[in-house]
Amino acid sequence: TSCSVSLLTNSMGVEGTASASEIIAAVEAAGYGASLKNAENGNGGTASAAAADEMLKDTETPKMKRRLIASLVFLIPLMYVSMGHMMWGWPFMAENHIAMGLTQLLLTTTVMVINQKFFVNGFKGMIHLTPNMDTLVALGAGASYGYSVYALYAMTAAQVSGDMDGVMSFMHEFYFESAAMILTLITVGKMLEARSKGKT
């Protein structure tokens, strides 16, 4: 008969005749997660102070901070490899095009694994027909990554056949750093959001 959700405390109160298992199943069918919270104790059914403090504790900000730091550790060398030779004439792997592409592939894959939650939540929302911001992030980063992998294979084929014009053309179509940058910048936003929520 009624349902109230608090995004601040990550909790939901439901009134009606449905059982707890039916409610949890409905929430999970919508693409989210839920579990029964035993907030009552033997003293009049009120939550204890310790339980209330634990419920309001900011656990999300430290997780997001670790994800952001790990992402930056791999994003910075990725930007150096992908942009350094064009912007500042730095010599690192500028002539070894295949090695440059493979290095970008490995660094970007690592950033994507670190931020895999975007892909898990995003595609889960798409499957349940409830797309969200994570879906948009996953599609943007996934498209950049997928096209760059194609360009890497095409560049390798051009190098094998001796087509250096093709090599240079495909090398400029790498968007690995875009995929990693999207994920890292959105992680910055998520961390600031979690920090504000935690302070509140």
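Fair warning: this is a prediction, and the values are worked out from it, not measured in the lab.

What counts as what
Residues numbered from 1 in each chain as written. Predicted model: local features only at pLDDT ≥ 70, side-chain atom pairs only at ≥ 80, totals over all residues. Heavy atoms only, no water. Helix = DSSP H or I, 4+ residues; strand = E, 2+ residues; numbered from the N terminus. Buried < 20%, exposed > 50% of the residue type's maximum accessible area, 1.4 Å probe, protein only. Contact = heavy atoms within 4.5 Å. Areas by Shrake-Rupley, 256 points an atom, 1.4 Å probe, with all protein chains shown as cover. 1 Å grid on protein atoms, 1.4 Å probe; cavity = no way out; pocket = protein on both sides within 12 Å on 5 of 7 lines; lining within 4 Å. Points joined across faces, edges and corners; volume = space filled by probe spheres on them. Nonpolar A, V, L, I, M, F, W, Y, C, P; charged D, E, K, R; others polar. Expected span 1.5 Å × (residues − 1). Arc of directions from axis to C-beta. pLDDT = per-residue confidence, 0-100. Core = buried A, V, L, I, M, F, W, Y, C linked by side-chain atoms within 4.5 Å. Polar contact = N/O pair within 3.5 Å; in protein donor to acceptor, adjacent residues only side chain to side chain. Pairing = 2+ DSSP bridges.

### Comments concerning the overall build of the chain
Next, step 1: Counting secondary structure elements, the chain contains 8 helices and 2 strands.
Next, step 2: Each helix (α) and strand (β) of the chain, taken in turn from the N terminus, gives the series β-β-α-α-α-α-α-α-α-α.
Next, step 3: The burial tally for the chain puts 28% of its 200 residues in the buried class.
Next, step 4: Across the chain, the fraction of contacts at a sequence separation of at least 24, relative to all contacts at a separation of at least 6, is 62%.
Next, step 5: For the chain, the exposed area adds up to about 12300 Å²; of that, 64% sits on carbon and sulfur atoms.

### A short note on the environment of Val137
Next, step 1: Summarising the element assignment, Val137 is placed in helix 6 (residues 133-160).
Next, step 2: Since its relative accessible area comes to 4%, Val137 is described here as buried.
Next, step 3: For the pair formed by Val137 and Ala179, sequence separation is 42 residues and the distance between their alpha carbons is 9.2 Å.
Next, step 4: Those residues within four positions of Val137 in sequence are excluded, and the remaining contacts are Phe118, Ile182, Leu183 and Ile186.

### Brief notes about the layout of surface pockets
Next, step 1: In this structure, the largest pocket spans a volume of roughly 2100 Å³.
Next, step 2: Considering the residues around the largest pocket, the lining is formed by 47 residues, among which Ser6, Leu7, Asn10, Ser11 and Gly33 are closest to the centre.
Next, step 3: Of all elements in the fold, only strand 1 (2-6), strand 2 (11-15), helix 1 (20-29), helix 2 (49-56), helix 3 (60-87), helix 5 (116-127), helix 6 and helix 8 (176-199) reach the threshold of two or more residues within the lining of the largest pocket.
Next, step 4: Residue classes in the lining of the largest pocket are distributed as 19 nonpolar, 15 polar and 13 charged.

### Digging into helix 5
Next, step 1: The terminal C-alpha atoms of helix 5 lie 17 Å apart, and with 12 residues this matches the ideal 16 Å at 1.5 Å per residue to within 8%.
Next, step 2: The complete set of buried residues in helix 5 reads Phe118, Phe119, Gly122 and Gly125. Seen from one end, helix 5 has its buried residues packed into an arc of 140 degrees, which puts them on one side.
Next, step 3: Backbone geometry just downstream of helix 5 places Leu129 in the positive-phi region, at approximately 60 degrees.

### Remarks on the confidence of the model for the chain
Next, step 1: Overall, the prediction assigns the chain a mean pLDDT of 85, with 87% of residues at 70 or greater.
Next, step 2: Per-residue pLDDT, averaged within each element of the chain, yields its smallest value for helix 2 (68) and its largest for helix 6 (93).

### Digging into unusual backbone geometry
Next, step 1: Of note, Leu129 is a non-glycine position whose phi angle comes to about 60 degrees, a positive value.
Next, step 2: In this fold, Leu129 is placed in the loop between helix 5 and helix 6.

### What to know about the nonpolar core
Next, step 1: Counting 25 residues, the largest nonpolar core has Phe119, Tyr145, Met155, Phe174 and Leu183 as the members making the most contacts within it.
Next, step 2: Per-element accounting of this core gives the leading share, 8 residues, to helix 6.

### Considering the side chain of Thr135
Next, step 1: Along the polypeptide, Thr135 turns up in helix 6.
Next, step 2: With relative accessibility at 4%, the residue Thr135 sits in the buried group.
Next, step 3: Of the polar contacts made by the side chain of Thr135, one reaches the backbone oxygen of Gly122; its length is 2.8 Å.
Next, step 4: Not counting residues within four places of it along the chain, the set of residues in contact with Thr135 comprises Gly122 and Met126.

### Considering the pairing of strand 2
Next, step 1: Sheet topology places strand 1 next to strand 2; 5 bridges connect them, and they run antiparallel. Bridge pairing in strand 2 places Ser6 opposite Ser11.
Next, step 2: Taking the residues that link successive antiparallel strands as the turn, the strand 1-strand 2 hairpin has 4 residues, and the phi of Asn10 there is positive, at about 55 degrees.

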